[in-house]
Amino acid sequence: MGQAKDKKSGTVMVVGGGIAGVQAALDLTELGYYVYLVEKSAAIGGAMAQLDKTFPTNDCSL
Amino acid sequence: MRPRYIDADKCTACGLCTKYCPRHLVDQYNEGLAVTRPIHIDYAQAVPATYFIDPEACLYLKHGTCQICVCTCQSKAIDFSQKAEEKELQIGAVIMAPGFGRVPDATLAKYSYGSHPDVMTSLEFERLLCASGPFEGEVKCLSDRRHPKRIAFIQCVGSRDLGCNNGYCSSVCCMYAIKEAMVAKEHDPELEITIYYMDMRTQGKGFDAAQKKAEAMGIRFVRARVADVMPWDKNLKLTYSTLDGTHSFEPYDIVVLSVGLDAPADAKNLGEIAGFALNDYDFCKTETFAPLLTTKPGVFVAGAFQGPKDIPESVTQSSAAAGLAAGLIAKDRGKALVHKTYPKEQKTGKDEEVRIGVFVCHCGINISSVVDVASVEQYTEGMEGVVYHAQSLYSCSQDAQEVLKAKIKEHNLNRVVIAACSPRTHEPLFQETLKDAGLNRCLFEMVNIRDHCSWVHANEPAAATQKSKDLVRMGIAKARHIQPLPEQTVPVTNKALILGGGVAGLTAALTIADQGFHSYVIEKEEKLGGHLQHLSYTLQGEKVSTVLSELTDKVKKNKLIEVLTSTEMTLVNGFVGNFSSVLTTTKGKKATETTIDHGVIIIATGGREHRPEVVLGNPVKYSETVVTQRELEQRLAGKGKSLAPKSVVMVQCAGSRGDDLNYCSKVCCNHAVKNALKIKSLDPASQVVVLYRDMRTYGFAEDAYREAREKGVVFIPYTMDSKPVFKSSGKKMSVTFQDPILRDEVTMTPEVLALSVGIVSEGTDDLSKLLKIPVNEDKFFLEAHVKLRPVELPVSGVYVCGLAHSPKPVEEIIVQAQAAAAKASIPLCKGFVSVEPTISCVDKEACIGCGLCESLCPYQSIRIIKDENGKRKAETITASCKGCGICASHCPVFAISMGGYTDEQINAQITAFGAQ
């Protein structure tokens, strides 16, 4: 992660690094914005990382 | 920013530190069911893949002793000098996605949670089921490690419960309970599992089908309220009462509490810091028609904090919130992006001498504790093309990348083979290093001697070493034939075509216009607005007509949006970034055709009200007295005094959920409650009876359901074994049903019989053929990935939102439209589509034009064209090819090759396997 060139323009902060925050951050970078993804714990992934499988397809959650 | 006490650039996530750390720590990731150490990583796949030290438990940070980890860490990554940092950032927009919180333990205590180890929350049970969980996926009782025979799930723990001030429905518990029950049953088919519920709320797309499957597997569903759970000998005694008022009890080995999603614990704090309001339950306050806007401009919300929801809906909201935030600061797009530059790629010609460098990785002790890495490395000496070989402790570490770059230069390497872990996780890293060194990233081959050798043959070191040698020999054989592959991009026409001018299409068009792009909205009817034209008010009381006229006005005034009514798409050609469509506009008898070019397509074609002629086995004629909920709403919204009927019977699932449609239409329960409340507000003396199977007023709509009951609306469940019977009685219709509380048959002749009729798809078959996009068995479009790509379709550049995807309420439609627009804006913003180098390529000389590949391609990415001599030849559409290889493996004349996996390369690998 580098530093944004111009600190104000074109940056978005996403609070929370669960599936919602991560997806928002990914889409924002694809759309052309610099993102600060803020997560309070040591890893992103949130509750979804604790799930074994997901409903209804029973895909692996990780 | 809190410190990790570990240098992320140096840590290789080898795990040695955790093994030596002397202190135990309760493992929160495993819901407290396992122990870890103060220095640890939550799970192997965690991002960032850097360990961290819990300062509250570390002996050094607490007491200034120990520091064993410092001497064990071979990459010198432990750094106790790290301090917490405060950063001030200037930002253009904020997205709040803090997730959800826990239901307090006090709410769970009445079920003996906390006092008996075999009563656990659903998340704890999830960890028990998981292969990476405390018992490696084996389901055991926590009390004595015996295998359970009987398991009960209790639904609505901490949801729909005013006792803990959670009046709302958590929307996800019914689904995860079914999932966990099914997974447990797969582990042990002998298990007896019962789910105690109030209403099964499996309203999502394809969810009812999963419940049916669970029933077929033998999982028992009992509609009951559980009074308590008490220890009973070695077991647990679960006491419950059913609707008819009888009490029973049953023994269980494990009781799982399906806990709801609470508001995040720090919600109030977040609200104060960022300056937005919360709702009554401490979730973020939003409006039906602006579901992702907080009360503070520039701050958006997504995920469970907006209201309890499942993964696909969270993902959809996130994309939508990203689109809204991007739209707000569109003028600054790209200004803050940091672009990486690479040195010029050196040319690697076909005839050039092959110079292979082989790097064999120890992966700390992950590989080297089993495989003799030195002998594997030595084995490559003298192999054809190998000019350099070496070992590395961690080939993925930052300094190893520097070494790799230096060695490529020093030995003039033009192929790199790395024998280490899985390409799934690390190939992109090494390819990046190759690019940094000026090599084409495809001149790389990875051999997985960790997963395939040291892990699976941990007890046979000699055989694992031999297998490593075999795999490395094969990798080198393939590497001799690897060729550089071009990095291609395809330009994009930065306009969107939006099919459908209902709330979904209009919302999508505005979201795209906010990004600064042009769109065409085509609507087959004369007027914009779709179904919203027939609705008057929402469950929350907003007036629909005002919102709709504002929406259409905004669209009409927007210079970037071109609206074509009475228009349908009749032909489409091209691929992502480069579509060309023929639009046919019919005015009276005159039809005119226009051709437009556009880069993306958003399908927002909607659905229509289902009007079944037979409901629950009763023939139905719609009239003044037999109406749909929509017709009832129109009557109630009219002018005049005697609008409210004196008596109404509403019948839910009229046509849905196995009556003649197989699915739940998701909106009808809310619609019934909305109309019932309206009737009660017009005339409190009106008698309203709702016959239902499961009331699915999920989320905050549960409040309205409760309000309706408080105001005297009577809700009576029926089952498919005892359906209500309709009989004509003059102009009216009499309804006979079983009342489970009276335990008797009741006949009513209401003034109005309102049928909750559900939603069916419309025109998806034709569109599916035109765009070659699959639909599911219920004729709704099938998304690219149900969980993670919910608004994308399998064909690149085509997106879906609204009722064409599945039935859903207007709030969800708006979010989905914003999400589809955000996703569609990505190629428009970039101006190009990047093409993966590993795609198919047709040898035009050899191709016989049979068309087999075109018919098999799941992504519509290979087509038959006529060449300059008029001969049929296949051609790959590079922009949308996913490189799956189906075309190449089926080509009868071997005319198709896959970049990176040519026949020559694979044959060389197989030959090397036999060569010993």
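The shown structure was predicted, so the numbers you read here are calculated from the model rather than taken from an experiment.

K.L.:
Tell me about the overall build of chain A, residues and numbers included.
P.N.:
From N to C terminus, chain A includes one helix and four strands. The N-to-C order of helical and strand elements in chain A reads β-α-β-β-β. Counting over 62 residues, chain A shows a buried share of 55%. Counting contacts in chain A only where the partners sit at least 6 residues apart, residues at least 24 apart contribute 29% of the total.

K.L.:
Describe the overall build of chain B, with residues and values.
P.N.:
Looking only at helices and strands, chain B features 24 helices and 43 strands. Dimensions of chain B, computed from C-alpha atoms along their principal axes, come out at roughly 100 × 80 × 55 Å. Buried positions account for 47% of the 916 residues belonging to chain B. Pairs at least 24 residues apart make up 69% of the contacts formed inside chain B by residues separated by at least 6 positions.

K.L.:
Explain the domain arrangement of chain B to me, and be specific about the residues and the numbers.
P.N.:
All names here are of chain B. Along its sequence, chain B is organised into domain 1 (1–90), domain 2 (105–259), domain 3 (356–468), domain 4 (495–606 + 762–833), domain 5 (609–760) and domain 6 (836–915). Its C-alpha centre places domain 1 at a distance of 28 Å from the equivalent point of domain 3. Listed per partner, the contact involves six residues of domain 1 and seven residues of domain 3. Grouping the constituent residues of the side of domain 1 that touches domain 3 by class yields two nonpolar, three polar and one charged.

K.L.:
Just give me the short version of the sheet that holds strand β6 (residues 119–121) of chain B, but keep the residues and values in it.
P.N.:
Two orientations exist for strands paired in a sheet by backbone hydrogen bonds: parallel and antiparallel. All names here are of chain B. The strand order β6-β12-β7-β8-β9-β10-β11 describes an open sheet built from seven strands, whose pairing is mixed. Taken across any chain shown, the strands that pair with only one partner, and hence form the sheet edges, are β6 and β11 (247–252). Looking at each pair of strands side by side, their axes are set apart by 35° on average, direction ignored. In terms of strand pairing, strand β9 (residues 220–232) meets strand β10 (residues 235–242) through eight bridges, oriented antiparallel. Each residue of the ladder has a partner; that of A224, found in β10, is T242.

K.L.:
Could you give an account of the interface of chain B and chain A, naming the residues involved and the relevant values?
P.N.:
For interface size, the figure often reported is the accessible area lost on association. Taken together, the contact between chain B and chain A spans 59 residues of the former and 47 residues of the latter. Residue assignment for the side of chain B that touches chain A shows that the elements contributing at least two residues are β5 (93–96), α5 (122–129), α6 (173–187), α7 (207–216), α9 (311–328) and α21 (810–830) of chain B. Residue composition of the side of chain B that touches chain A, by class: 38 nonpolar, twelve polar and nine charged. Of the strand pairs in this sheet, strand β1 (residues 11–15) of chain A and β5 of chain B are connected by four bridges, and their pairing is parallel. Each residue of the ladder has a partner; that of V15 of chain A, found in β5 of chain B, is M96 of chain B.

K.L.:
Give a description of the packing of helix α18 (residues 668–682) of chain B against helix α19 (residues 702–710) of chain B that names residues and reports values.
P.N.:
In a packed pair of helices, the relevant descriptors are the angle between the two axes and the axis-to-axis distance. Residue and element names in this part refer to chain B. Across the interface, α18 lies against α19 with an axial gap of 9 Å and an inter-helix angle of 40°. Taken together, α18 and α19 sit at an angle that is classed as oblique. The two elements α18 and α19 cross, and the hand of that crossing is left-handed. Two secondary-structure elements touch here, α18 through V673, A676 and L677 and α19 through A704, Y705, E707 and A708. Split by residue class, the contact of α18 with α19 holds six nonpolar, no polar and one charged.

K.L.:
Give me the nonpolar core: which residues, what numbers.
P.N.:
Residue and element names in this part refer to chain B. Counting residues in each nonpolar core, the largest one holds 222 residues, and the members touching the most others are I95, V255 and I602. Broken down by element, the residue count for this core peaks at 13 residues, all from α21. Each residue touching I602, except ones within four places of it in the same chain, is listed here: A496, I498, L499, A508, Y799, C801, A820, A821 and A824. Counting residues in each nonpolar core, the second largest holds 61 residues, with I53, C73, V360 and A437 among its members.

K.L.:
With reference to specific residues and values, describe helix α1 (residues 19–30) of chain A.
P.N.:
Given a rise of 1.5 Å per residue, twelve residues ought to cover 16 Å, and the 17 Å separating the end C-alpha atoms of α1 of chain A matches this to within 8%. Most of α1 of chain A sits inside the fold, with nine of its twelve residues counted as buried. Of all the residues in α1 of chain A, the buried ones are I19, A20, G21, V22, Q23, A24, A25, D27 and L28 of chain A. The inward-facing, buried residues of α1 of chain A contact β1 and β2 (34–38) of chain A together with β5, α9 and α21 of chain B. Where α1 of chain A terminates, the next one or two residues include G32 of chain A, which has phi positive at roughly 105°.

K.L.:
Any details on the packing of helix α14 (residues 461–479) of chain B against helix α24 (residues 903–915) of chain B? Residues and values, ideally.
P.N.:
Residue and element names in this part refer to chain B. The contact between α14 and α24 brings their axes to 8 Å, and the two run at 145°. Of the two possible hands of crossing, α14 and α24 adopt the one that is right-handed. From α14, D470, R473, M474, A477 and K478 reach across to α24, where they touch Q905, A908, Q909, T911, A912 and F913. Tallied by class, the residues present in the contact of α14 with α24 amount to five nonpolar, three polar and three charged.

K.L.:
Outline the pairing of strand β15 (residues 386–392) of chain B, supporting the account with residue identities and numerical values.
P.N.:
All names here are of chain B. Pairing of strand β14 (residues 356–361) with β15 involves six bridges; the strand directions are parallel. Across the sheet, I356 pairs through a bridge with V386, a residue of β15. Viewed along the sheet, the connection from β14 through helix α10 (residues 373–379) into β15 turns out right-handed.

K.L.:
Describe the sheet that holds β14 of chain B, and please don't skip the residues or the numbers.
P.N.:
Residue and element names in this part refer to chain B. The strand order β15-β14-β16-β17 describes an open sheet built from four strands, whose pairing is parallel. Each having just a single partner strand, β15 and β17 (444–448) make up the two edges of the open sheet. Across the sheet, the mean angle from the axis of one strand to that of its neighbour is 15°, orientation sign disregarded. Contacts from helix α12 (residues 423–436) reach β16 (415–420) and β17, with the element oriented near 150° to β17. Strands β14, β15, β16 and β17 of the sheet are contacted by α14, whose axis makes an angle of about 160° with β16.

K.L.:
Let's hear about unusual backbone geometry: which residues, and what values?
P.N.:
With the exception of glycine, the majority of residues adopt a negative phi angle, and the majority of peptide bonds are in the trans configuration. Residue and element names in this part refer to chain B. Geometrically, the link from V47 to P48 is a cis peptide bond, its omega value of -5° lying close to zero. You will see that N165, though not glycine, has its phi angle at about 60°, which is positive. Positive phi, close to 70°, is recorded for K779, a residue that is not glycine. Mapped onto the secondary structure, K779 falls in the loop between α20 (764–771) and β38 (798–800).

K.L.:
Account for the environment of I603 of chain B, naming residues and giving values.
P.N.:
All names here are of chain B. Mapped onto the elements of the fold, I603 is located in strand β25 (residues 600–603). As for I603 and V791, which are separated by 188 residues in sequence, their C-alpha atoms are 9.7 Å apart. Contacts of I603, omitting those with residues within four sequence positions, involve L499, L767, F781, V798, Y799, V800 and A804.

K.L.:
An account of the environment of D470 of chain B is needed here, citing residue identities and associated values.
P.N.:
Residue and element names in this part refer to chain B. Here D470 shows up in helix α14. The partly exposed category is assigned to D470, around which 18 C-beta atoms lie within 10 Å. With 94 residues separating them along the chain, D470 and V376 place their C-alpha atoms 9.3 Å apart.

K.L.:
Any details on α18 of chain B? Residues and values, ideally.
P.N.:
All names here are of chain B. Taking 1.5 Å per residue as the helical rise, α18 with its 15 residues ought to reach 21 Å, and the 21 Å between its terminal C-alpha atoms agrees with that figure. Burial within α18 is extensive, with eleven of its 15 residues counted as buried. When α18 is considered as a whole, its buried residues turn out to be C668, C669, N670, H671, A672, V673, K674, N675, A676, K678 and I679. Buried positions along α18 lie against α17 (629–637), β30 (647–651), β31 (687–692), α19 and β36 (752–755).

K.L.:
Residues and numbers for the environment of I476 of chain B, please.
P.N.:
Residues and elements named next belong to chain B. Turning to its location among the elements, I476 is positioned in helix α14. Note: C-alpha distance between I476 and G606 (130 residues apart in sequence) is 54 Å. Not counting the four nearest positions on each side in its chain, I476 is found in contact with I356, V358, T380, M383, G385, V386 and V417.

K.L.:
Pulling in residues and values, what's your account of the pairing of strand β41 (residues 862–866) of chain B?
P.N.:
Along any regular strand the residues' side chains alternate between the sheet's two faces. Residues and elements named next belong to chain B. Pairing of β41 with strand β42 (residues 872–876) involves five bridges; the strand directions are antiparallel. Along β42, the bridge assignment pairs I865 with K873. Connecting the antiparallel pair β41 and β42 is a turn made up of five residues, with G870 showing a positive phi of about 80°.

Rules used throughout
Residues numbered from 1 in each chain as written. Chains lettered and ligands numbered in written order. Predicted model: local features only at pLDDT ≥ 70, side-chain atom pairs only at ≥ 80, totals over all residues. Helix = DSSP H or I, 4+ residues; strand = E, 2+ residues; numbered from the N terminus. Buried ≥ 20, exposed ≤ 12 C-beta atoms within 10 Å, placed from the backbone. Contact = placed C-beta atoms within 7 Å. Domains from an automatic or database assignment. Nonpolar A, V, L, I, M, F, W, Y, C, P; charged D, E, K, R; others polar. Pairing = 2+ DSSP bridges. Axes fitted to C-alpha atoms, helices over the stretch in contact; angles between N-to-C directions. Parallel < 35°, antiparallel > 145°, perpendicular 65-115°, else oblique. Left-handed = near helix turned anticlockwise from the far one by under 90°. Core = buried A, V, L, I, M, F, W, Y, C linked by C-beta atoms within 7 Å. Expected span 1.5 Å × (residues − 1). Right-handed = clockwise from strand over helix to strand, strands pointing away.

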